[in-house]
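What follows is the residue order along each chain.
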Amino acid sequence: MSPVWFVIIAGVSALIAAPVTRAAGRFAGPLLALVPAFLFVSLLMQLPDLPVGTAILQSIEWVPAYGVSLGFRLDGFSLLFSLLITGIGTLVVIYAGSYFSDDAKDRGRFLGFILLFMTAMLGTVLADDLIMLFIFWEMTSLVSFFLIGFKHEDAKARKAALQSLVVTAGGGLALLGGIIILGLTAGTFSLTEITAQAPQIATSPAFPAIIVLVLIGCFTKSAQFPFHFWLPNAMAAPTPASAYLHSATMVKLGVYLLARFDTGFGEYLIFYAPLMIFGGITMLISAYAVMRSTGFKAVLAWSTVCSLATLVLLVGVPGEAGVKAMIGFLVAHALYKAALFFAAGQVIHSTHQYELARLGGLRFKLPITAIASLLAAISMAGVPFFLGYKAKDLFLTAAFDGGSWGMWLTVVALASSAVMTAVAGLAALKPFFLKPPYGEVKLYHNEYYGMALPPLALGLLGLAIGVMPAPAWNSVLIPAMSALYGSTIALEVHAAPSLGLKFLITLALLASGAALVWFWNRLYRDPDNVKANVVFADLGYGAVMGWLDRAGQVTARLLQMLSLRTYIAVTLGVSTLALLLALTGFSADMISAAAAEPVRPYMAVVLVLTLIGAAVAAFARSVLISILGVGIVGYTMAVVFLLNGAPDVAFTQFTVETLSIVILLAVLLRLSLKPAPQQSLLKRPLALAVSAGFGIAVGLGVLAMSVLPFDRRLSDFFGEASYLEAQGHNVVNVILVDFRALDTLGEIAVVAFATLCVWALLRRRVKKEG
Amino acid sequence: MQSVILNALARLFFVAMLIFSVFILLRGHDSPGGGFIGGLAAAAAYTVITLAFGAAKAERWLILHPVVLMGVGLFCAILSGLPPLIGDFGGFLYHLWWEGQIGFLQLKLGTTLLFDLGVYFVVVGGVLSILFRMYETGAEEAN
Amino acid sequence: MTLLYALSVAAIMAAGVYLMMDRNIIRIVLGTALIATGVNLVIFLAGRLGPTAPAIIETGAYTLGEDAANPLPQALVLTAIVIGFALLALAAIVAYEATRALGTVNADEMIAAREEGNPFEPASREGSSARK
């Protein structure tokens with residue numbers, strides 16, 4: 001099966017999720033889970049076709065003009081990610097089916113979103129074309145927005161959803177900028193080709209900008225400092241979404257893209273230094289925050305931030321050791337953290353209790369969940385014979401080989417992370433195996449199997465890979481490492497721990513973790529707790545959004561004065577100045593030259609009437625007289641047209657003027673208003689100045705226009721072709737109905753629609769009164 | 001408005017102006033005139049009727065609803081541009097001509113006439129849809 | 001002669017702008033009508049004046065004579081006049097409806113009235129009819 005089919009099948013399943021759920025009822029979860037399960041198996045069957053170091057490339061032309069194509073790429077690394085997406089996706093769909101057992105409508109909506117998300121994720125990790133990758137990337141942000149705001153009656157959920165969208169989609173814009181600059185620099189949007197020509201790109205002056213923009217995009221997605229705050233808030237989402245999006249897969253997209261770039265750009269300081277620095281800062285912040293968190297999901301969320309920071313840091317660690325540790329940790333974390341989220345969801349769902357401190361002693365009430373939780377936590381803590389141990393072992397190795405520059409940073413961050421991870425793992429044991437501090441926890445319903453078996457499966461998988469490492473490592477993990485590293489990586493994995501310094505360190509980490517759990521209740525009671533939570537929360541985000549709000553208000557107050565007079569004064573004042581500026585080249589000679597022209601007496605009389613009409617229109621006290629003035633101007637114009645060889649125009653002007661007056665009078669009479677008092681001339685200096693200035697500028701413009709040379713070509717063409725080509729003597733009419741017929745068609749359409757508007761507006765009035 | 005003389009004059013005026021409007025529509029291609037002017041003249045004719053006898057009567061004399069008339073006009077204008085697309089004569093609105101003799105009548109017809117007729121209908125319909133509405137509304141409010 | 005035309009254009013434009021800066025919404029509509037007329041005149045003048053015979057090819061001739069006026073601006077102005085009429089009617093009716101709904105011809109008061117709420121919603125419509 002070629003890569004594009006995975007995306008298409010997932011997308012179709014998302015579309016049919018809602019109706020299928022309605023039809024299938026309680027079995028909707030397991031039924032729809034067949035889709036991701038099928039994809040998972042199909043992906044596994046790709047393994048033999050994909051020896052280490054190869055990739056399946058597929059390209060479909062999309063926008064050839066801009067070099068954008070639907071380019072897909074399936075190599076070891078994207079296969080690993082796809083397996084995680086579909087594998088955990090299968091469990092999430094089953095789990096969600098039980099989680100929403102009370103509400104069929106919510107279930108359909110949720111499953112639709114989850115499968116849509118899976119589509120977007122598969123699209124992102126299978127994309128080779130960066131533009132396509134970006135589109136799927138933004139799609140995951142959008143679905144995440146809907147899932148965080150799933151409980152849309154809840155203001156907090158809406159706020160968190162908006163925050164995550166602002167942060168991740170905002171970062172997505174930065175990423176798009178980076179991708180476009182990169183594409184222009186490299187001449188291609190294909191990730192494969194860009195990686196191949198990395199050294200040339202690195203010498204281009206745009207390189208720093210590309211890296212900074214891409215880093216912003218990845219840091220926002222993977223919740224790295226200073227954008228770390230959105231992820232804990234995103235816990236407002238239903239727990240299956242938290243497990244899937246905000247722990248196992250979506251938030252790892254940042255890491256995914258960083259790892260992809262690391263293949264080509266890993267040796268450049270400008271790329272790996274920020275990863276180490278910001279990854280390290282995020283680790284410290286989240287390690288501290290997790291100790292101060294009290295909510296069950298909040299603890300898991302902060303530990304996820306910490307794990308993501310670890311991954312970012314490991315991407316930054318140069319060389320083979322970093323890649324090995326990154327992949328190992330990535331898989332281990334996805335398995336145990338999803339399981340812990342699943343367990344937390346079961347606990348919260350059945351007890352309605354969100355606070356970790358109030359939970360305890362649930363091991364006999366939720367037995368399967370307790371076992372699953374225990375398995376996951378042991379793996380997380382890094383106990384031998386579990387996948388987590390091997391991940392931690394590789395992590396320590398990478399830290400010790402971290403190179404001269406990052407040595408101290410790596411070791412420090414490592415220690416804090418290890419302690420924090422152990423704490424989170426053990427804290428997950430508290431609800432089940434420690435004594436409840438405030439008496440027995442009330443249970444609203446018994447364990448749901450649909451919610452208990454998925455975490456158990458993940459927990460057992462962590463144990464299985466730990467005990468029997470060869471199949472998984474050799475066929476999936478090591479190919480993924482090789483794909484990232486660019487050449488084959490040799491790694492032998494044994495189930496038993498190798499004794500030595502690293503083993504001792506592991507034991508020390510376990511001991512310190514246990515000690516922290518022991519003191520956790522005391523830490524929790526710390527009165528500074530609340531303040532400490534605020535410190536690392538979204539104060540900065542709130543401030544920035546507040547400034548934006550205020551800036552918007554100030555701008556609106558400045559620009560939107562709600563006065564037509566002011567708008568006209570500003571617009572026409574500027575136009576007048578621009579016009580006068582453009583006319584500076586014309587001397588006063590043109591006025592005298594124009595004045596010297598012979599005057600046609602009849603025309604002069606007509607134009608004097610025009611002047612009188614304009615003056616009457618402007619200065620008459622009564623609106624009725626003003627209409628008369630406008631009429632005079634219109635009729636004199638008709639005469640001007642007639643005396644200048646335009647009988648058609650003259651007749652049109654004459655009729656239109658009459659009809660205009662009929663309508664204006666009808667409006668005026670209908671309103672039956674008392675003559676509106678008009679302010680005296682002197683009280684309106686602004687109107688007088690603006691109108692006089694504009695009039696003079698346009699008048700001067702007309703004079704200047706008349707001395708410019710005239711291009712007769714078009715007019716001459718019409719004069720010559722009108723009869724010979726279009727069979728008409730009346731050139732004006734021929735232009736209208738033949739040469740420029742399409743224009744005329746558009747114009748009569750405008751007339752039709754404008755009058756239709758009038759007709760509809762008046763109909764409302766008639767109906768209302770009738 | 002109840003003057004007998006005015007009423008009689010209005011009818012006369014109406015018929016004269018309507019005939020005049022069709023006349024200037026038809027001759028528009030060769031002499032001053034055309035769809036816009038013809039349409040405005042026809043609208044003026046109905047305006048006279050509206051002012052003399054009221055919108056209801058004018059609307060009856062129009063037969064078609066003015067908004068429908070606008071639609072017919074746009075349809076005619078678009079239709080006139082289609083024939084060249086059927087054969088290979090040129091693009092949309094490339095007008096075609098037919099010259100011939102029926103009995104002793106020398107005729108020269110073009111698709112331009114249909115186009116101009118469309119313009120004529122749109123202008124008549126547009127002006128009158130506004131005018132009739134205004135005077136219908138006025139009648140209701142007067143009651 | 002050009003001077004006189006320029007003066008007319010200036011007067012029409014100035015009167016139009018002056019009316020558009022009035023408070024009375026009907027005068028604002030009149031201002032737009034005047035400006036439309038002024039612009040039509042400018043377009044007409046842009047084709048240059050001179051020959052005053054209509055732009056019609058004489059019987060027997062095949063091309064337009066030397067003494068005929070420039071047909072191009074005429075065609076442009078002709079449609080502009082009709083469109084101007086349709087838009088003037090639209091503006092007049094919108095002004096009429098606004099005046100009816102808000103009970104004032106004063107554009108400033110209309111803005112103030114808008115702040116009070118949507119006149120087309122039942123609650124405030126009762127308010128406006130009470131004011132009448």
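Residue numbering note: each chain is counted from 1, following its sequence as written. Here chains are named by letter from A upward and ligands by number from 1 upward, in the order in which they appear as written. Under the rules for a predicted model, residues below a pLDDT of 70 receive no local features and side-chain atom pairs below 80 are neither given nor counted, while totals for whole chains, interfaces and linings still include all residues. The basis for the side-chain values is all heavy atoms of the structure; hydrogens and waters are excluded.

Stated precisely, the cut-off is as follows: UniProt positions are given in the numbering used here, feature names are shortened, and annotations may be inferred rather than shown by experiment.
Per an unreviewed UniProt entry, chain B is named Na(+)/H(+) antiporter subunit B, and its organism is Glycocaulis albus. What UniProt records for chain B under Sequence similarities (unreviewed entry) is the sentence "Belongs to the CPA3 antiporters (TC 2.A.63) subunit B family." Comment text from UniProt for chain B, heading Subcellular location (unreviewed entry), reads "Cell membrane".

As annotated in an unreviewed UniProt entry, chain A carries the name Na(+)/H(+) antiporter subunit A and is attributed to Glycocaulis albus.

### Some thoughts on the overall build of chain A
Which entries qualify depends on this criterion: Each helix is a run of DSSP H or I of at least 4 residues and each strand a run of E of at least 2, with the numbering of both proceeding from the N terminus. Under the scheme applied here, a residue whose accessible area is under 20% of the maximum for its type counts as buried, over 50% as exposed, and between as partly exposed, the area being computed with a 1.4 Å probe on protein chains only. Only heavy atoms matter for contacts: two residues are in contact if any of them lie within 4.5 Å across the pair. To be clear on the numbers: accessible area is Shrake-Rupley with a 1.4 Å probe, and residue cover counts the displayed protein chains and nothing else.
For chain A, the count of helices and strands is 33 helices and 2 strands. The buried share among the 770 residues of chain A stands at 56%. Taking all contacts inside chain A whose residues are at least 6 apart in sequence as the whole, residues at least 24 apart take part in 78%. About 31200 Å² of surface is accessible on chain A, with carbon and sulfur atoms providing 70% of the total.

### A word on the overall build of chain B
If you tally the helices and strands in chain B, you get 6 helices and 2 strands. Each helix (α) and strand (β) of chain B, taken in turn from the N terminus, gives the series α-α-α-α-α-β-β-α. Out of the 143 residues in chain B, the part that is buried amounts to 47%. Long-range pairs, those at least 24 residues apart, make up 60% of the contacts in chain B with a sequence separation of at least 6. For chain B, the accessible area works out to roughly 6900 Å², and carbon and sulfur atoms hold 72% of it.

### Comments concerning the UniProt feature "transmembrane region" (unreviewed entry) in chain B
Residues and elements named next belong to chain B. Following the UniProt record, the feature "transmembrane region" (unreviewed entry) maps to residues 12–29, 35–55, 67–97 and 117–135 here. This span, residues 12–29, is 89% helix and 0% strand, and a straight line between its end C-alpha atoms measures 27 Å. Secondary structure across residues 117–135 comprises 100% helix and 0% strand; the distance between its end C-alpha atoms is 27 Å.

### Here's the deal with the side chain of Asp129(A)
Residues and elements named next belong to chain A. In plain terms, the rule: Note on charges: Lys and Arg go in the positive column, Asp and Glu in the negative column, and His and the chain ends are not counted at all. A pairing counts as a salt bridge when a side-chain nitrogen of Lys or Arg comes within 4 Å of a carboxyl oxygen of Asp or Glu. Side-chain atoms alone can form a polar contact between residues adjacent in sequence; in general such a contact is a pair of N or O atoms within 3.5 Å, and within protein one must be able to donate a hydrogen while the other accepts it.
Of note, aspartate 129 is situated in the loop between helix 4 (104–126) and helix 5 (130–148). Despite being buried, aspartate 129 has no salt bridge partner; arginine 73 is the closest side chain of opposite charge, sitting 12 Å away. Separated by 3.1 Å, the side chain of aspartate 129 and the backbone nitrogen of methionine 132 make a polar contact.

### Examining the packing of aromatic side chains
Residues and elements named next belong to chain A. Here is the rule: Aromatic pairing here means that ring centres of Phe, Tyr or Trp (its six-membered ring) are within 6.5 Å. Orientation follows from the plane angle: under 30 degrees is stacked, over 60 is edge-to-face, and everything else is tilted.
For the coordinates displayed, the defined rule picks out 31 aromatic pairs over all chains. Between the aromatic rings of phenylalanine 219 and phenylalanine 278, the centroid separation amounts to 5.6 Å while the plane-to-plane angle is 55 degrees, which identifies the pairing as tilted. A residue pair is termed long-range when its members are at least 10 positions apart, and phenylalanine 219 in helix 9 (residues 207–221) and phenylalanine 278 in helix 13 (residues 269–292) qualify at 59 residues. Taking the relative accessible area as the measure of exposure, phenylalanine 219 reaches 5% and is therefore buried.

### Points about the environment of Phe229(A)
Mapped onto the fold, Phe229(A) is located in the loop between helix 9 and helix 10 (230–233). Between the C-alpha atom of Phe229(A) and that of Tyr541(A), which follows or precedes it by 312 residues, the distance is 8.4 Å.

### Thoughts on the confidence of the model for chain B
Stated formally: Per-residue confidence from the predictor is reported as pLDDT, which spans 0 to 100.
Summary statistics for chain B give a mean pLDDT of 81 and a share of 85% for residues scoring 70 or more. Looking at the elements of chain B, mean pLDDT is at its lowest for strand 2 (residues 105–110) of chain B, recorded as 67, and at its highest for helix 4 (residues 66–80) of chain B, recorded as 90.

### Quick look at the interface of chain A and chain C
The accessible area lost on association of the parts is a frequent measure of interface size. So the rule is basically this: Simply put, the buried area is the total loss of 1.4 Å probe accessible area from both parts when two parts are fitted together.
Taken together, the contact between chain A and chain C spans 105 residues of the former and 86 residues of the latter. Taken together, both faces of the contact between chain A and chain C bury some 8400 Å²; the carbon and sulfur share is 75%. At the junction of chain A and chain C, the tally comes to 1 salt bridge. Viewed at the interface, chain C and chain A are joined by 13 residue pairs in polar contact (both at pLDDT 80 or more).

### A look at the nonpolar core
Looking at soluble globular proteins, one finds that nonpolar side chains tend to be buried together. How we decide: Nonpolar core, defined: a set of buried Ala, Val, Leu, Ile, Met, Phe, Trp, Tyr and Cys residues in which side-chain atoms within 4.5 Å join the residues together.
Of all hydrophobic cores here, the largest spans 170 residues; its most connected members are Phe77(A), Met326(A) and Trp473(A). It is helix 15 (residues 320–351) of chain A that provides the largest number of residues to this core, a total of 20 residues. Residue contacts for Phe77(A): discarding those within four places in its chain leaves Tyr256(A), Ala259(A), Arg260(A), Met326(A), Ile327(A), Ala480(A), Ala483(A) and Leu484(A). In this structure, Ala617(A), Tyr46(B), Met1(C) and Ala113(C) belong to the second largest nonpolar core, which totals 133 residues.

### Examining unusual backbone geometry
All names here are of chain A. Backbone torsion omega between phenylalanine 225 and proline 226 reads 5 degrees, so that peptide bond is classified as cis. Even without being a glycine, alanine 223 presents a positive backbone phi close to 55 degrees. Turning to its location among the elements, alanine 223 is positioned in the loop between helix 9 and helix 10. One non-glycine residue, phenylalanine 385, adopts positive backbone phi at about 75 degrees. Inspection of the secondary structure puts phenylalanine 385 in the loop between helix 16 (367–381) and helix 17 (387–400). What makes phenylalanine 385 partly exposed here is its relative accessible area of 41%.

### Some points on the pattern of salt bridges
All names here are of chain A. Inspection of every chain in the model, using the stated rule, returns 9 salt bridges over all chains. The closest approach of N and O atoms between arginine 109 and aspartate 106, which form a salt bridge, is 3.6 Å. Taken together, the residues span about one helical turn, with arginine 109 and aspartate 106 both in helix 4 at a distance of 3 residues. Between glutamate 320 and lysine 324 there is a salt bridge, with the nearest N and O atoms lying 3.3 Å from each other. Taken together, the residues span about one helical turn, with glutamate 320 and lysine 324 both in helix 15 at a distance of 4 residues. Given a relative accessible area of 30%, glutamate 320 falls into the partly exposed group. Judged by relative accessible area, which is 15%, lysine 324 ranks as buried. Connected through shared salt-bridge partners, Arg73, Asp75 and Arg260 make up one network.

### Regarding helix 6 (residues 155–186) of chain A
Residue and element names in this part refer to chain A. The following threshold applies: Given a helix with a known number of residues, its expected span is that number minus one, times 1.5 Å.
Counted at 1.5 Å a residue, the expected span for helix 6 with its 32 residues is 46 Å, and the 45 Å between its end C-alpha atoms agrees. For helix 6, the side-chain oxygen to backbone nitrogen distance between the N-cap and lysine 156 is 3.1 Å, and the N-cap itself is aspartate 154. The first or second residue beyond helix 6 is glycine 187, which carries a positive phi of 80 degrees.

### A word on the interface of chain B and chain C
Each side of the interface is counted separately: chain B has 11 residues, and chain C has 9 residues. Of the roughly 770 Å² buried at the junction of chain B and chain C (both faces included), carbon and sulfur atoms supply 85%. Summed over the shared surface of chain B and chain C, the result is 0 salt bridges. At the boundary of chain B with chain C, the tally comes to 0 residue pairs in polar contact (both at pLDDT 80 or more).

### Regarding the layout of surface pockets
The gaps left among the atoms become clear once a water-sized probe is rolled over them. All names here are of chain A. Applicable threshold: With a 1 Å grid laid over protein atoms only, a set of points is called a cavity when a 1.4 Å probe fits there but cannot get out and a pocket when it is open yet has protein on both sides within 12 Å along at least five of seven lines; lining residues have an atom within 4 Å of a point. Grid points are joined across faces, edges and corners, and a volume is the space filled by probe spheres set on the points. Gly falls in the polar group here, along with every residue not listed as nonpolar (Ala, Val, Leu, Ile, Met, Phe, Trp, Tyr, Cys, Pro) or charged (Asp, Glu, Lys, Arg).
By volume, the largest pocket is sized at about 1200 Å³. Around the largest pocket, the lining is made up of 40 residues, and of these Lys151, Lys156, Met235, Ala236 and Tyr354 lie nearest the centre. Within the residue set of the lining of the largest pocket, elements represented by two or more residues are helix 4, helix 6, helix 10, helix 14 (296–316) and helix 15. Counted by class, the lining of the largest pocket contains 17 nonpolar, 11 polar and 12 charged residues.

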